[in-house]
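# Descriptive analysis of the structure
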Amino acid sequence: MDPQSGKLAVGSAQIPMPRSRIGRVVVGLGLISGGVLGFLPILGFWMLPLGFLVLSHDLPFVRRQRRRVALWWARRRASKTGEP
């Protein structure tokens, strides 16, 4: 999340986020609860990782888990391509 613009950058997309911590937590929990109902037509499982990404900005436990997954993914990609 870019602290100057207050937007969440996911790839080339920029998503505006609430400036308040409570607003971001509510948005994150809403995305996760919508992702759990991903089998319904409008909602989707894509909402789960986005909800965790939003929550990782404010909650240290989620931030640590996101960082572990990012490091695991980077190591996995490096081992498959043969890079040190």
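The structure this text deals with has already been given above.
As the structure is a computational prediction, the values presented were derived from the model and not from experiment.

Calculation rules
Residues numbered from 1 in each chain as written. Predicted model: local features only at pLDDT ≥ 70, side-chain atom pairs only at ≥ 80, totals over all residues. Heavy atoms only, no water. Helix = DSSP H or I, 4+ residues; strand = E, 2+ residues; numbered from the N terminus. Buried < 20%, exposed > 50% of the residue type's maximum accessible area, 1.4 Å probe, protein only. Patch = residues over 30% accessible without salt bridge, like charges linked within 9 Å, V, L, I, M, F, W, Y side chains within 5 Å. Areas by Shrake-Rupley, 256 points an atom, 1.4 Å probe, with all protein chains shown as cover. Salt bridge = Lys/Arg side-chain N within 4 Å of Asp/Glu carboxyl O. Lys, Arg positive; Asp, Glu negative; His and termini not counted. Charge placed at Lys NZ, Arg CZ, Asp CG, Glu CD. Core = buried A, V, L, I, M, F, W, Y, C linked by side-chain atoms within 4.5 Å. Contact = heavy atoms within 4.5 Å.

### Some points on the overall build of the protein
When helices and strands are counted, the protein shows three helices and two strands. Reading the secondary structure of the protein in the N-to-C direction produces β-β-α-α-α. Overall, the protein is about 40 × 35 × 25 Å in size when its C-alpha atoms are taken along their principal axes. Burial status across the protein gives 25% buried among its 84 residues.

### Points about a positive patch on the surface
A cluster of basic residues, R21, R63, R64, R66, R67, R68 and R75, forms a positive patch at the surface. The leading source of residues in the positive patch is helix 3 (residues 60-81), at six residues. As for its position among the elements, R21 is in helix 1 (residues 21-36).

### Describing the environment of I22
Relative to the helices and strands, I22 is located in helix 1. Linking I22 and W46, residues 24 residues apart in sequence, is a C-alpha distance of 22 Å.

### Some points on the nonpolar core
Among the nonpolar cores identified, the biggest contains six residues, and these are L8, M17, L31, M47, L50 and V54. Considering every element that reaches this core, the biggest residue donor is helix 2 (residues 47-55), with three residues. If we skip the residues at most four places from it in the chain, L50 touches L8, V10, I15 and L31.

### A word on the pattern of salt bridges
This structure, assessed with the given rule, holds one salt bridge. The partner of R24 in a salt bridge is D58, and the shortest N-O contact between them spans 2.8 Å. Of this pair, R24 sits in helix 1 while D58 sits in the loop between helix 2 and helix 3; the two residues are 34 residues apart in sequence, bridging distant segments of the chain. For R24, a relative accessible area of 8% gives the class buried.

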